[in-house]
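# Commentary on secondary and tertiary structure
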Amino acid sequence: MKNNELDLEIEELALQLTDMLSATLYFAGVQEEKLEEATEAYIDAIDVVLGDDDEAEMGVEEIISIVKYLKQTQPDLFFG
């Protein structure tokens, strides 16, 4: 594969991951009109919850921990 094709594929995968994160947050109770804000908050919370370790594992348990953290620290994003 050429570099341009790889770059395009990476970009498409990144967009899919963002959509999956939005869907995850929606089913965790985030109000639909606040999904973009919640997605940004989730990304910011990664370092808070997992620390600055670039090698930290990002599995199901870590994702759940980050969503729980958001529910505790930013309840306004979620349905009451």
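Here the structure is shown first, and the text comes after it.
Residues numbered from 1 in each chain as written. Predicted model: local features only at pLDDT ≥ 70, side-chain atom pairs only at ≥ 80, totals over all residues. Heavy atoms only, no water.

Quick look at the overall build of the protein chain now. A count of helical and extended segments in the protein chain gives three helices and zero strands. Reading the protein chain from its N end, one meets helices and strands in the order α-α-α. By principal-axis analysis of the C-alpha atoms, the protein chain measures approximately 50 × 30 × 20 Å. Split into buried and exposed, the 80 residues of the protein chain put 24% on the buried side. Considering only intrachain contacts with a sequence separation of at least 6, the fraction spanning at least 24 residues in the protein chain is 50%. (Helix = DSSP H or I, 4+ residues; strand = E, 2+ residues; numbered from the N terminus. Buried < 20%, exposed > 50% of the residue type's maximum accessible area, 1.4 Å probe, protein only. Contact = heavy atoms within 4.5 Å.)

With that out of the way, let us pick up the side chain of S22. One can find S22 in helix α1 (residues 3-27). Once residues lying within four places of it in the same chain are set aside, the contact partners of S22 are L35 and T39.

With that settled, the discussion passes to the packing of α1 against helix α2 (residues 35-50). It is at 10 Å that the axes of α1 and α2 come closest, and there the two elements cross at 105°. With respect to each other, α1 and α2 are oriented roughly perpendicular. Residues L21, S22, L25 and Y26 of α1 form the contact with α2, whose participating residues are L35, A38, T39 and Y42. In terms of residue class, the contact of α1 with α2 is built from six nonpolar, two polar and no charged. (Axes fitted to C-alpha atoms, helices over the stretch in contact; angles between N-to-C directions. Parallel < 35°, antiparallel > 145°, perpendicular 65-115°, else oblique. Nonpolar A, V, L, I, M, F, W, Y, C, P; charged D, E, K, R; others polar.)

Here we take up α2. Taking 1.5 Å per residue as the helical rise, α2 with its 16 residues ought to reach 22 Å, and the 22 Å between its terminal C-alpha atoms agrees with that figure. Along α2, the helix axis deviates most sharply at D44, where the bend reaches about 30°. Turning to α2, its buried residues number three or more, namely L35, A38, T39, A41, Y42 and A45. The inward-facing, buried residues of α2 contact α1 and α3 (60-73). At the exit of α2 stands G51, carrying a positive phi of roughly 85°. (Expected span 1.5 Å × (residues − 1). Bend = angle between axes of the 7 residues up to and from the residue.)

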